[in-house]
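Next come the chains, spelled out residue by residue.
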Amino acid sequence: MGEEILRVENLKKYFPLEKSFVEKILSRQRRYVRAVDGISFSIRRGEIFTLAGETGSGKTTVGRLILRLIDPTDGKIFFDDKDITNLKGEALRELRRKMQPIFQDPYSSLNPRMKVGEAIKHPVEIHGIAGGEEARSLVLEILEKVGLTPPEKFYELYPKDLSGGQRQRVAIARAMIIKPEFIVADEAVSMIDVSLKAAILELMLSFRKELDLTYLFITHELAVAKYISDRIGVMYLGKIVEIAPTSKIFENPIHPYTKALIAAIPVPNPRRKKKFILKGEVPVAPIDIPSGCRFHPRCPLATDKCRRNEPELEEIENNHYIACWLSEEN
Ligand code: SF4
C-alpha cells in the first residue's frame, strides 16, 4: 500500500428540516438530519477501503461529500494532501478527472437518448483527452476491456438495449476511460444479479491493478465488503463505530453492531445459531440521535454508562479502531 491519498477529518453533513406549521408558530429552532456526524479516516493509494452499514448509516452521504457533489457542514477533506473541501471551478473539474463515481443504478446515470459509445466518449472529450477518431478508438478499446464485445455493436446500442450487468459495465467503462486515480463505488453491485456480482467485482479489481487505482467502496452487503476490501469501516447513524483490516473485522469483530451485521450474512446452514440479533431498525432519518452511545437502544449489551456517555473511536490494537465502552474490557 502506498502513501495516503485521501483523508477526512471530523466530517459532518447536517440537512435542515422544513419547520412544521406548529414549530413556526412556537418559534422552535430548526431541526437537522445529522446524516454524517463527525467522522475521520484515511485511505492509502492502491487500497480498497469499504464503508459498510445499513441504509440510513450515512455512508452514501460520505461518498457524495468526497466526490464534492454536496458541501459539508463542517470538517475537512484532503486529496493528495490538498484541501479539497471548498474546491470550485477549474480546480474542481481537474479533481473530477482524478476522482470518478460508479453509482448503484447505471440506468439513471446514463442518458437514455445517448448511444453507449457516445456516453463513454463524453468524459474523454470534456476533459480534453482526445477527440474524433482517436476518442472513438479509446471507447472501442475500453468496451472490449469491460467485456462488451463486439465493441462496434455495443457502441451503437442505447441503455434500454442492455441488461443490468451490461449497463454497469458501461458505467465502469465511462469511469475508467479517463484513467482516474480514485473511485467512489456506491452500492455498485447491489442491483446486479447474484450470479454476475463476482464478475463485476473482478472487473473492478482488474482495473485496480492496471491503473493503480484506489477505491472507496460503499455497501450494505458485508459479503461484498469481505470479497473486495483491504479494510472496512462500519458506520452507524452517521458515525464510524469500527475500522479494521478485513480479516480482523471478520475474525475478531468487537463492536456489537459489527457482530450483528456479520451474523446477518446469509449462510448455507440457516439453522446455525446467531449470536447477535438486533432489536429494531436504524431510523430512516437520523434526527433525534439517542443519548450516549447512539447504538444503545438496539444493543443487547448496553449499560447505564452507554446510555449516558458517547464512546470515541479509539485504536485498541494496531490498525483496529472501536467506538464502544466494552472495548476497554477486551
Ligand atoms: Fe453497546 Fe454500550 Fe458498546 Fe454502545 S458502547 S455498542 S451500547 S456496549
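Reading the values: rules and limits
- Residues numbered from 1 in each chain as written.
- Predicted model: local features only at pLDDT ≥ 70, side-chain atom pairs only at ≥ 80, totals over all residues.
- Heavy atoms only, no water.
- Helix = DSSP H or I, 4+ residues; strand = E, 2+ residues; numbered from the N terminus.
- Buried < 20%, exposed > 50% of the residue type's maximum accessible area, 1.4 Å probe, protein only.
- pLDDT = per-residue confidence, 0-100.
- Near = heavy atom within 4 Å.
- Nonpolar A, V, L, I, M, F, W, Y, C, P; charged D, E, K, R; others polar.
- Contact = heavy atoms within 4.5 Å.
- Axes fitted to C-alpha atoms, helices over the stretch in contact; angles between N-to-C directions.
- Left-handed = near helix turned anticlockwise from the far one by under 90°.

Participant: I tried to follow unusual backbone geometry on my own but got confused; where do I start?
Facilitator: The bulk of non-glycine residues show a negative phi, and the bulk of peptide bonds are trans. Residue Pro150 is reached from Thr149 by a cis peptide bond, and omega for that bond is 0°. The phi dihedral of Leu237 falls on the positive side, at around 45°, and the residue is not glycine. Considering the arrangement of structural elements, one finds Leu237 in the loop between strand E9 (231-236) and strand E10 (239-245). Residue Leu237 is classed as buried on the basis of its relative accessible area, which comes to 1%.

Participant: Would you mind showing me how to read the confidence of the model for the protein here?
Facilitator: Low pLDDT means the predicted coordinates in that region are not meant to be read closely. Confidence along the protein averages 90 in pLDDT terms, with 91% of residues attaining 70 or more. Of all helices and strands in the protein, the one with the weakest mean pLDDT is helix H1 (residues 21-25) (69), whereas strand E4 (residues 74-79) scores best (98).

Participant: Teacher, can you tell me more about the environment of Gly132 here?
Facilitator: In this fold, Gly132 is placed in helix H6 (residues 132-145). Residue class for Gly132 comes out partly exposed when judged on its relative accessible area of 48%. Sequence separation of Gly132 and Phe15 is 117 residues, and the distance between their C-alpha atoms is 43 Å.

Participant: Sorry, what's going on with the site of the ligand here?
Facilitator: Neighbouring the ligand are His255, Pro256, Cys293, Phe295, His296, Cys299, Leu301, Ala302, Cys306, Cys324, Trp325 and Leu326. A class-by-class count of the residues in the shell around the ligand yields 10 nonpolar, 2 polar and no charged.

Participant: What's the story with the environment of Ile232 in this structure? I'm lost.
Facilitator: Within the secondary structure layout, Ile232 lies in strand E9. Taking relative accessible area as the criterion, Ile232 reaches 0% and is therefore assigned buried. As a C-alpha pair, Ile232 and Thr85 span 147 residues in sequence and 23 Å in three-dimensional space. Setting aside residues up to four positions removed in sequence, Ile232 forms contacts with Phe49, Thr50, Ala52, Ala225, Lys226, Glu242, Ile243, Ala244, Thr246, Ile249 and Phe250.

Participant: Any chance you could explain the packing of helix H5 (residues 116-126) against H6 here in plain terms?
Facilitator: If you want to describe how two helices pack, look at the angle between their axes and the distance between the axes. Closest axis-to-axis distance for the H5/H6 pair is 9 Å, and the angle between their directions is 115°. Between H5 and H6 the crossing geometry is right-handed. Contact residues: H5 offers Val116, Gly117, Ile120, Lys121 and Val124, while H6 offers Ala135, Arg136, Leu138, Val139, Ile142 and Leu143. Of the residues in the contact of H5 with H6, the class split is 8 nonpolar, 1 polar and 2 charged.

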